[in-house]
Amino acid sequence: MCCNSILALLALIAGFGAIIYLIYQTYSYIRCGCGKYGPFVSSYGKIKEDIINEARKILKNSKKPLKITDLGCGSGALLIPLAKEFPHHEFIGLDWDVVPLMMGKIKSHGLKNIKFVKGDYMKTSHADMDLIMCYVLKVTGEPLGKKLNAEIKDSCTVISEMFPLGHLKEVKQINSSLFGVPEKIFIYKKQKAASKETQPEKKTKTAPQKAKPAQTARKKPAKKKAASSAKK
Ligand SMILES: C[S@@+](CC[C@H](N)C(=O)[O-])C[C@H]1O[C@@H](n2cnc3c(N)ncnc32)[C@H](O)[C@@H]1O
């Protein structure tokens, strides 16, 4: 009898948990534009460690305090271990979903160099960041890369987990894996504006050269006329 009531209670708790989880997943899917942006999935395993190692290389070489953000930080899986290791750097987690943000705040309790901010990374400026990490969907890579390339500093490094970003200058690709499946990490810098400006210059130089043959062609009939009048 007692055993049966314990089993019934456990089943009730599991059922309640499953309903809450389903409601959250539905909310998360709608919140993320029905597939336009990535829902909350935490970085995990080897790829998480490889990203943290890559960020560590940048952070340990700087005595000057740096600003680091994770765009769509979730519960802070990438930021919290780094914030613990580098107390003189400043870490900002940005996410629009209150559930993972709350988890991040609880997990990082007591750490003074990390804050979790609610917001949309497409509507927030990242101009003063020194290191940006993100784990976004493939479709988000294009508009997010464009936005970042327009506003980040030349010295800023962008690390993207699994999916490439558009417009930025790729400086490195790292082979990693998630649950044994090969995955990549992409490292970017800002695409220098100067390289864009040189292209229109080349076009304007070549344009007058193309026009030259047309001018000489017009002169030829005049010579023929002169020759025929001399014959006469
Ligand atoms: C795949 S999870 C990555 C979580 C974390 N970066 C990690 O590596 O563990 C993507 C997160 O981005 C958030 N997100 C998606 N679009 C966003 C947006 N436009 N602005 C802010 N957060 C966004 C989601 O709520 C989700 O928590």
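So, here's what we can say about the structure. All values reported here derive from a predicted model rather than from experimental measurement.

1. Things to note about the site of the ligand
Then, number 1: Neighbouring the ligand are 23 residues, the closest being Tyr37, Phe40, Ser43, Gly72 and Gly74.
Then, number 2: Considered class by class, the residues forming the shell around the ligand number 14 nonpolar, five polar and four charged.
Then, number 3: Both domains that meet at the shell around the ligand, namely domain 1 (10–39) and domain 2 (45–191), each give it at least three residues.

2. Re the pairing of strand β5 (residues 157–161)
Then, number 1: Summarising burial for β5: five of the five residues are buried, a large majority.
Then, number 2: The sheet contact formed by strand β4 (residues 131–134) and β5 spans four bridges and is parallel. Looking across to β5, one finds that Cys134 is bridged to Ser160.
Then, number 3: Where the polypeptide runs from β4 across helix α5 (residues 138–151) and back to β5, its parallel neighbour, the crossover connection is right-handed.
Then, number 4: The sheet contact formed by β5 and strand β7 (residues 181–189) spans four bridges and is antiparallel. Paired with Glu161 across the two strands is Ile185, which belongs to β7.

3. Here we look at α5
Then, number 1: Relative to the 20 Å expected for 14 residues at 1.5 Å per residue, α5 spans 21 Å between its end C-alpha atoms, a close match to the ideal helical length.
Then, number 2: Inspection of α5 places Thr140, Gly141, Leu144, Gly145, Lys147 and Leu148 among the buried residues, and these make up the whole buried set.
Then, number 3: Where α5 is buried, its residues meet β4 and β5.

4. Remarks on unusual backbone geometry
Then, number 1: Look at Met162: it is not a glycine, yet its phi comes out positive at around 75°.
Then, number 2: Structurally, Met162 is set in the loop between β5 and β6 (169–178).
Then, number 3: Positive phi outside glycine occurs at His167, with the angle close to 70°.
Then, number 4: Structurally, His167 is set in the loop between β5 and β6.
Then, number 5: Accessibility expressed as a C-beta count within 10 Å gives 17 for His167, which makes it partly exposed.

5. Topic: the nonpolar core
Then, number 1: In this structure, Leu79, Leu131, Ile132, Met133 and Val158 are the most contacted members of the largest nonpolar core, which totals 39 residues.
Then, number 2: Beyond its immediate chain neighbours, meaning those up to four positions away, Leu79 contacts Asp70, Cys73, Phe91, Gly93 and Ile114.

6. A closer look at helix α1 (residues 2–31)
Then, number 1: In this model, α1 (30 residues) spans 43 Å end to end at C-alpha, consistent with the 44 Å of a helix rising 1.5 Å per residue.
Then, number 2: Counting buried residues along α1, only zero of its 30 residues qualify, which leaves the element largely exposed.
Then, number 3: The first or second residue beyond α1 is Gly33, which carries a positive phi of 65°.

7. Examining the sheet that holds β5
Then, number 1: Taken in spatial order, the seven strands of this open sheet run β3-β2-β1-β4-β5-β7-β6, and their pairing is mixed. Each of the sheet's edge strands pairs with one partner strand only, and the pair in question is β3 (114–118) and β6. Pairs of neighbouring strands in the sheet enclose a mean axial angle of 20°, with direction left out of account.
Then, number 2: Sheet contacts for helix α2 (residues 45–60): β4, β5, β6 and β7; angle to β6, the most-contacted strand, approximately 145°.
Then, number 3: Docked against the sheet, helix α4 (residues 98–107) engages β2 (90–95) and β3, running at close to 165° with respect to β3.

Definitions and cut-offs
Residues numbered from 1 in each chain as written. Predicted model: local features only at pLDDT ≥ 70, side-chain atom pairs only at ≥ 80, totals over all residues. Near = placed C-beta within 6 Å. Nonpolar A, V, L, I, M, F, W, Y, C, P; charged D, E, K, R; others polar. Domains from an automatic or database assignment. Buried ≥ 20, exposed ≤ 12 C-beta atoms within 10 Å, placed from the backbone. Helix = DSSP H or I, 4+ residues; strand = E, 2+ residues; numbered from the N terminus. Pairing = 2+ DSSP bridges. Right-handed = clockwise from strand over helix to strand, strands pointing away. Expected span 1.5 Å × (residues − 1). Contact = placed C-beta atoms within 7 Å. Core = buried A, V, L, I, M, F, W, Y, C linked by C-beta atoms within 7 Å. Axes fitted to C-alpha atoms, helices over the stretch in contact; angles between N-to-C directions.

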